[in-house]
Amino acid sequence: MGKDVIIACDFSSAKETMDFLDRFGDLKPYVKIGMELFYAEGPQIVRTLKARGHKVFLDLKLHDIPNTVGKAMSVLNGLGVDMCNVHAAGASEMMQAAAKAFAGSDTLVIAVTQLTSTSEAQLHDELLISSCMEETVRSYALNARNAGLDGVVCSPLEAAAVHETCGKDFLTVTPGVRLAGDSKGDQKRVTTPAIARELGSDYIVVGRSITGAGDPLQAYRKCMEEFIDR
Ligand code: C5P
């Protein structure tokens, strides 16, 4: 299982994305396509990035009834992405349908536990979940593992708890990562790449600390150095 830095390409067009990735020359970073880019450009953006040699995490966070998610995931299976995801809040039957749609494929299918923009207070006061964040994430992760998924999206702050509960081979893919000194923006549960590594994250997802940097290539290299090469 390779540790890697995944760049969240939260752009609104293929052109903006390609102009950004052109700055990386022969380096072909692992990229994440989220709702903004996918809804703007459709499945072709996945094919284009794959043809350019990038690994692709398609972050569409499906959350619907099991039948709908299963059928939608079967469509996504045809795209040949390296990773894609659903919301664990959709519950076990929905996650099983997602796993079944990718049976026999190499695509990693993971589940979002709690968004890294959700705070402990929001968990209790708005979502009315009485367990603490760590217990909620552990429990959602266990449901995901038992449903046959490969891992979860969580904060680096919960990576160790997830590995303890679900085993070291169960993947933790962790957004909520900032280079030291960068603004948190809307994220609440954040760490640096170096701390994410210490906490046992398998993949870090980094958006604005790279895409919003004056020199994105340098920021990416710094993330790689802190997370992998030290
Ligand atoms: O810019 P930033 O580094 O905060 O971007 C984080 C990316 O990870 C965004 O694309 C966001 O949609 C995604 N993400 C997240 N929290 C999750 C799941 C995905 O921030 N739980």
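Residues numbered from 1 in each chain as written. Predicted model: local features only at pLDDT ≥ 70, side-chain atom pairs only at ≥ 80, totals over all residues. Heavy atoms only, no water.

Here we look at helix α7 (residues 133-146)
Thinking step 1. The end-to-end C-alpha distance of α7, which contains 14 residues, comes to 20 Å, matching closely the 20 Å that a straight helix rising 1.5 Å per residue would cover.
Thinking step 2. Of the positions making up α7, those classed as buried are M133, T136, V137, R138, Y140, A141 and A144.
Thinking step 3. Looking at the buried positions of α7, the neighbouring elements they touch are α5 (92-101), β5 (108-112), α6 (120-125), β6 (151-153) and α8 (159-166).
Thinking step 4. Downstream of α7 by one or two residues, G148 has phi in the positive range, about 95°. (Helix = DSSP H or I, 4+ residues; strand = E, 2+ residues; numbered from the N terminus. Expected span 1.5 Å × (residues − 1). Buried < 20%, exposed > 50% of the residue type's maximum accessible area, 1.4 Å probe, protein only. Contact = heavy atoms within 4.5 Å.)

As for the nonpolar core
Thinking step 1. Core analysis: the biggest nonpolar cluster contains 60 residues, and L58, M73, V86 and I210 have the highest contact counts within it.
Thinking step 2. Take this core: its biggest share by element is six residues, from helix α11 (residues 216-229).
Thinking step 3. The contacts of M73, once residues within four sequence positions are left out, are L62, C84, N85, V86, A98, A101, F102 and V109.
Thinking step 4. In terms of nonpolar packing, the next biggest core, distinct from the first, is built from 12 residues, I110, L171, V173 and V205 among them. (Core = buried A, V, L, I, M, F, W, Y, C linked by side-chain atoms within 4.5 Å.)

Considerations on the environment of K100
Thinking step 1. On the secondary structure map, K100 appears in helix α5.
Thinking step 2. K100 sits in the exposed class, given a relative accessible area of 68%.
Thinking step 3. Counting along the chain gives 83 residues from K100 to S183, while the straight-line C-alpha distance between them is 39 Å.

Considerations on the packing of aromatic side chains
Thinking step 1. Scanning the model with the defined rule gives four aromatic pairs in all.
Thinking step 2. Aromatic side chains F11 and F20 sit 5.0 Å apart centroid to centroid with 50° between the ring planes, which places their arrangement in the tilted category. Each member of the pair, F11 together with F20, is buried.
Thinking step 3. By way of ring pairs, the aromatic residues F11, F20, F24 and Y220 are connected into one cluster. (Phe/Tyr/Trp six-rings, centres within 6.5 Å; stacked < 30°, edge-to-face > 60°.)

Observations concerning unusual backbone geometry
Outside of glycine, negative phi angles account for most residues, and trans bonds account for most peptide bonds.
Thinking step 1. Of note in this structure, K61 is not a glycine but carries a positive phi near 45°.
Thinking step 2. Here K61 lies in strand β3 (residues 56-62).
Thinking step 3. Even without being a glycine, L128 presents a positive backbone phi close to 60°.
Thinking step 4. Inspection of the secondary structure assignment puts L128 in the loop between α6 and α7.

Let's talk about the sheet that holds strand β7 (residues 171-174)
Thinking step 1. Pairing within the closed barrel is parallel, and its eight strands lie in the order β1-β2-β3-β4-β5-β6-β7-β8. Taken over all neighbouring pairs, the strand axes of this sheet differ in orientation by 25° on average, direction set aside.
Thinking step 2. As paired elements, β3 and strand β4 (residues 83-87) share three bridges and run parallel to each other. Bridge assignment links F57 to a residue of β4, and that residue is M83.
Thinking step 3. Seen against the sheet, α5 touches β3, β4 and β5 and runs at an angle of roughly 160° to β4. (Pairing = 2+ DSSP bridges. Axes fitted to C-alpha atoms, helices over the stretch in contact; angles between N-to-C directions.)

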